[in-house]
Amino acid sequence: MLFFKLLQFEWKYHSKQRSFIVFLVLFILYGILAITSEFQFLEISTMYNDAFNLNLLSGLISLGVLFPCMFFSINGLLRDQNYKSEEIIFSTGLTKSTFFISRFLAIFSGTLLVCSLAIFGVFIGTTLSNSNPETIHVFNFLHYLWPWLTFILPNAFILSALLFSATLLSRNVLITYSAAVLIIGLHWFSAFSINSPLLGGSSLSSPEIVSQISLTDIFGLASFFEQTQFLTPIEKNEYLISFSGHFLWNRILWIAIGSMALFITYKLFSFRKINSSSKKSVLNKKEVANLHVFVPVKTNANTFRMKIFTFWSLIKVDFKSTLKSVPFLALIIIWIAMLGFSFNYATSGIEVYGSRYPTTDLFLGLIIELLPLFGLLLVVFYSGELVWKTRSHKFAEIIDVTPVQNAVFFGSKLVVLILIPMVLILVAILTGIAFQLIHGYFEFNIPLYLSTFYYGGIQLMLYAIFCLFVQSMVSNKYLGMVICAAVIFLFGPLSDSIGLEHPLLLFNNVPSMARAYSDFTGYGHYISIFNWMALYWIIFSGILVLLSYKFWKRGIDTRFKVKTNWSFKEKISMGSLLLIFGCVGGFIFYNTTIVNEYITADEVYDFNENYERKYKKYDTLTVPKLVYVSTKMDIYPSENAYSVSATSTIINSSSTAMNEIFVTAKTPLSLLQIENSTQVFYDSLLHTYLFKLKTPLLSNQRLKMSYQLNKKSTSFNIDNSITKNGSYIKSAQFSPFLGYVNRYEIRDAYEREKRGLPLLKNTVFTDAHLSRHAKFNFENVTFETIISTDNNQIAFSSGQLVKQWQTGKRNYFQYKSEGKIDHLVAYFSGKYHIEKVMHRGINIELYYLPKHYRNVAEMIKVTKATIDYCTENFGGYPHNYLRIGEMSTFAGSNGQAMPGVISINEKIFKKSIENPESFNVIARVLVHEISHQWWGLLLTPKQIEGALFISESFAKYSETVILEKLYGKAMVNKLSAYTLRKYFTGRSRASHPEVPLYITAHEQYLAYSKGAIILNAIRELIGEKQLNTALKNLIIKYDKGATATSLNLLEELYQVTSKENHVLIDDWIKRVITYDLSIKTATYKKLKNNKYEIQVAISSQRYHTNKSGKENVIEINEPITIRVNSKTETIYLKPHQINKNQQEFTIVVDKIPEYINIDPFFTRLDRNVSDNIKMILPK
Amino acid sequence: MSLLKIENITKTYGGGVNALSGINLEINNGMFGLLGPNGAGKSSLMRTLATLQEPTSGKITFNDVDIINNPQEMRNNLGYLPQEFGVYPKISAYELLDHIAVLKGIQNKKERKNQVIALLQQTNLYQHRKKHVSTFSGGMRQRFGIAQALLGDPKLIIVDEPTAGLDPEERNRFHNLLSEIGEHVIVLLSTHIVEDVRDLCSNMAIMGEGQIISHGIPSELIQQLEGQIWKRTIKKEALASFKTAFNVLSTQLHSGEIRLHVLSETKPESGFELINPDLEDVYFSTLTTKN
């Protein structure tokens, strides 16, 4: 009974702590907000509260409960020590077991209560939510209960056990913090390794990595993602995690570790050992010293010099004791491990990411990304420790009566608190340099490294000040920590959810510079906005500093007191700080919100709604086509500006006369004129025009149209296409639409309903749809341009170089197309080096940044190989030049293709191919973009469903065949395995059920991933030669204009395949079919003739996914490749007709077989490929 | 010559507890003893004087400077040994004293070193100077506290229960040190041990329930009781009846019997014997009269 009394007492104690109440409120709020404000990561599933998301939330909540658990452990275990009651408690008749169990249970049950309430909050959230009803699942108790049993309960136990043990054994608060940081670090390591969706990963890592991590991730989230990565949206809605496989072992492993920790702690813990730290050391032999006589020494604490001296001494004592403490060293070691791991991950290039040179900017990005995770934790802990240090050591009465001024005390704490994260940055920089040295890379950029103190350090400094402010207000260190952590979360990861968008309201947020660096411009135009935001919050922090200085607690009274005795100097400082804060805020507001339109997510919808309501009536107008475009593009890199003056000819290609032309400008134009017409209106808000033609434009008649525009990138409205170096301006950014743009309409049915817009018609799709007319089709035009730029830069675009000259301080380049080319071009300007090579009559020109010289030879080699393969197999290259231009990292994608020109991201230039084992990304990207000269440009598909399938999956197919020629099958197989995972992950996260490949609209997982797999399957079925014949025929037939559709492709495929295979090709391209193949058993025996006979049992299933996303089993009858390997080589590779769900084959081979593999080249859409391979055992 | 003037100081804590009510004192150079039982308000007064808390009302001046509104002036001249204190972990006695010396305003390194070493020697801690203070025993720690209070050139030294936890030899050493310093500055000694005051103080006050009940020069206070203190040894069982019949000041167990001191202007009863009063009698008689 004593036990229950004790537990009751513990509970009473915990529940009286203010931080306990704060935690309860925060966690309930988190649960509610997760649903009502539709957390972004919940969008992996289609319903915010379906089984998948409830499980995910349970996992996340059990992760977040680490913080309360840590506080409970400290409060529950160290209070005897803090309040000096331990000798009393431990000398009572209390038995060790009663003490141990009651304290542990209190911490465990408190932790469990906090998470359970958060889940209850989720339940409340679903009832309060006013989201689209289709995104809310009906209440299902089991969906709550099962994750509670499998995640929350065990995780609460594991965390409590580990933190309880760490606290009880160390009796040191900082060790408990370190343990918590270590747990977070381990989780981060897991999440990072599996490329977790929580860190924004688009698909999980390879199954080998994922299966290892599934076992070792403390929270079990890795195995959750492992189980659910390929589930379709419908399956996710009802999926309860299966308590088996890695997940089961994970739970057993960690519960065992937790229990072990408790057991060991129980054995080691003893009441008597408490004071062992104050053991007395044996006295040294009496030292003889000259006798010093005590004489009073005049003190003078009030001179400026002495204040500085004192300030310095205080910093030294605090800083030294922090640096010397074991927990801090432990934290630094964890930090170095995290950095080393992520540096290695980023440079070694696992799977198909390819290895990278260990460049300084890469490491800086990682450091800046990781810093807040680690640095903010440290700031929160140490702000509490430092501010309360003298008091918690009961040393305050001695220190506080010294004649040191509050300002000096306060200032010294502030400096130490800022120095601590600076140590992290310093360590990170040293780790980076060491890493580069080890890898023999000596181009470390020291000034860039040092800039991290500013770009990465500012936010930590701001939060350090804020935490100091909070700690000087509150009456209890832990309460202060909880408040700080809550604010950091609220304005950090949760800011979206509480409806904060405007930068002036996002407390202590400066733009992240993690991905803002380019070798072209450095941090370039991001510096200015960063400085402004930093200044704004620094001034705000100045106000906080002044307040916390005023509220600095001295003496024995720790309650918060309002001090009204402001001195004149203080009043002036406060006044001027407020004034400057207002001015800077006003300036930023003026620039972000008044000069440049500040657009919230809702306002984007407003624009779309207004556009549709006002201009839908022009949807039926005929869209004129471009036939001739001539531009004058003046680029002013040093001013971050460009201006365009374009003259074009448009034609009425329809059969009816045209009376009006409706124009939608993408960026505001300074001039727009159409010959022989009057402008009816210009809508300055939506940037639309209507022109009435004076005489109707008859079929095939032409008109002149011209427009002009000026664009400038400013600090508060950054346009990444125009930079000081490496401008990359695409014509698609500014050329106006000559009609009503249907894709501006809101797609989301619920949003339409809310805004009272009529529902969009769901078209029932038939093949006939593909023969309809495409509104904004890609048209080939005669193109010419004169590009001018600063005289230290080179500019280029598509077309033949006609002329090049210099006038004044500007360089001019005139380009003209040799025939008609696609009208979408790009304009480059930068300080490039050019590598020129002539190959097959084609001028290959590689424009690159001089410092990115390392891969030039490789790029030229791959370019030649690609031109060779494509001309031999698909048809002649249409130009006599191929320009490859390096673009800055801001352009986003890896590469893009324009007529005769491709752009390649600088990231690709920094990849390393020194290790031949690692995947060659340079080749993959180059082949892809160059082959677009055939797929997309020579053969321009009609801009209608299926267009993306034609242009992208053939480019992906070209990757496969050319990479295989250059680097062998093994490298391509890596790519295929990855592509297969991308398909299933994309399908799993799609917002709509999968459509067949031939009517792909914009789904990348279909056009890129599934398309590539299917083309590989067809290649395996009919052979590369046959397939290329079909492709070549397709180009020959349709290279005149943008008319080819996916149906035309099918026709060509039928031409080269036998009749019985047409059904299979239809299955793959016109239906949604998936597979489940596996090898059940495989054995061999030796035959008399020294051969080996293999018996293999194969299980195979095929599924059809219908329009609503439901899967049904269908029958199978198709040839699938089976491969047998010996220890060293492939000894058997042949297709076998699979026509039953369970089938046995007998295979005879010459050598001892090692393992057998069905579909070894990943040509079938099989979710689980790990069971496609098996060791062959001797009978 | 320094002068500490305390005028009408009261201190009321949250919850209406009156820790100090209307304290008036004037203290000059020399040792001043503040005697009183636990809970009399001694520490409250000391902390108020040490600028660790503000009084609810009243005025304190040190050499005519108002130290409530100008605590800095007091801190410039103060040496303070709190009743109870801890230390930072992992810092040696020498380092910590040096740090406090800096905080007190000794900038010259040599002066600081000399004084710290001198204090370490005088508090008999010199051979322990490199050890972490957190590992010190109670007595050592107390001596460390004394050393830090004497750093610099304090004009006012406040020591709150300084001899608690010291063995007789250490106590002696401490008394010598204090009385040496006390010739030139004000030393305010708060204690509940009468001998401390008797041995050291030229002036004293007795506190009870937040008030000064008596103050003066010890010998004069003793003189006032001349001829009024009677002693008798009785059996334990008789104590209760004696306590009701006479004004019993103190009782002391002696070989199983009890020695009584009784305050009376005439001989209370046969068996009582007149003795010379000492400071203890002053203390108890003051407290008893008050009650």
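Residues numbered from 1 in each chain as written. Chains lettered and ligands numbered in written order. Predicted model: local features only at pLDDT ≥ 70, side-chain atom pairs only at ≥ 80, totals over all residues. Heavy atoms only, no water.

Visitor: What is the right way to read the interface of chain B and chain A from this model?
Guide: By a widely used convention, the size of an interface equals the accessible area lost when the partners come together. Each partner contributes to the interface: chain B provides 51 residues, whereas chain A provides 49 residues. Overall, the association of chain B and chain A removes approximately 4,700 Å² of surface from exposure, summing both partners, and the carbon and sulfur fraction of that is 60%. In terms of surface lost to chain A, no three residues of chain B exceed Leu52(B), Tyr88(B) and Leu103(B), which account for 15% of the buried area on that side. Across the chain B-chain A interface, the total number found is two salt bridges. When the shortest N-O distance is used, the salt bridge between Glu397(A) and Arg47(B) registers 2.8 Å. Joining chain B to chain A, the criterion identifies eight residue pairs in polar contact (both at pLDDT 80 or more). Of all elements in the fold, only helix 2 (71-76), strand 6 (78-81), helix 3 (93-104), helix 4 (109-122) and helix 5 (138-150) of chain B reach the threshold of two or more residues within the side of chain B that touches chain A. Top contributing element to the side of chain B that touches chain A by residue count: helix 4 of chain B, with nine residues. (Contact = heavy atoms within 4.5 Å. Buried area = accessible area lost by both parts, 1.4 Å probe. Salt bridge = Lys/Arg side-chain N within 4 Å of Asp/Glu carboxyl O. Polar contact = N/O pair within 3.5 Å; in protein donor to acceptor, adjacent residues only side chain to side chain. Helix = DSSP H or I, 4+ residues; strand = E, 2+ residues; numbered from the N terminus.)

Visitor: Honestly, the pairing of strand 2 (residues 17-28) of chain B in this entry has me stumped. Any pointers?
Guide: Put simply, side chains in a regular strand alternate between the two faces of the sheet. All names here are of chain B. Alignment of strand 1 (residues 3-13) against strand 2, held across eight bridges, turns out to be antiparallel. Counterpart to Leu4 in the pairing with strand 2 is Ile27. Once strand 1 ends, the chain turns through three residues before running back antiparallel as strand 2, passing Gly15 with a positive phi of about 95 degrees. (Pairing = 2+ DSSP bridges.)

Visitor: Please explain the packing of helix 27 (residues 856-873) of chain A against helix 29 (residues 921-931) of chain A as it appears in this structure.
Guide: The packing of two helices is summarised by the inter-axis angle and the distance between the axes. Residues and elements named next belong to chain A. Put simply, helix 27 and helix 29 touch, their axes get as near as 9 Å, and they point 40 degrees apart. Taken as axis vectors, helix 27 and helix 29 run oblique relative to one another. As helix 27 packs across helix 29, the resulting crossing turns out to be right-handed. Each of Glu858, Met859, Val862, Thr863, Thr866 and Cys870 in helix 27 lies in contact with helix 29, whose residues at this interface are Ile922, Ala923, Leu926, Val927, Ile930 and Ser931. Classifying every residue of the contact of helix 27 with helix 29 by side-chain character gives eight nonpolar, three polar and one charged. (Axes fitted to C-alpha atoms, helices over the stretch in contact; angles between N-to-C directions. Parallel < 35°, antiparallel > 145°, perpendicular 65-115°, else oblique. Left-handed = near helix turned anticlockwise from the far one by under 90°. Nonpolar A, V, L, I, M, F, W, Y, C, P; charged D, E, K, R; others polar.)

Visitor: Looking at this model, I keep getting lost on the sheet that holds strand 8 (residues 727-730) of chain A. Mind explaining?
Guide: The strands making up a sheet associate through hydrogen bonds between their backbones, and the pairing can be parallel or antiparallel. Residue and element names in this part refer to chain A. Sheet architecture is open: three strands sit in the order 8-13-10, paired in antiparallel fashion. The open sheet is flanked by strand 8 and strand 10 (794-796), the only strands paired with a single partner. Within this sheet the neighbouring strands show an average axis-to-axis angle of 10 degrees, counted without direction. One ladder, built from four bridges, connects strand 8 with strand 13 (residues 826-830); its direction is antiparallel. Paired with Tyr728 across the strands is Phe828, a residue of strand 13.

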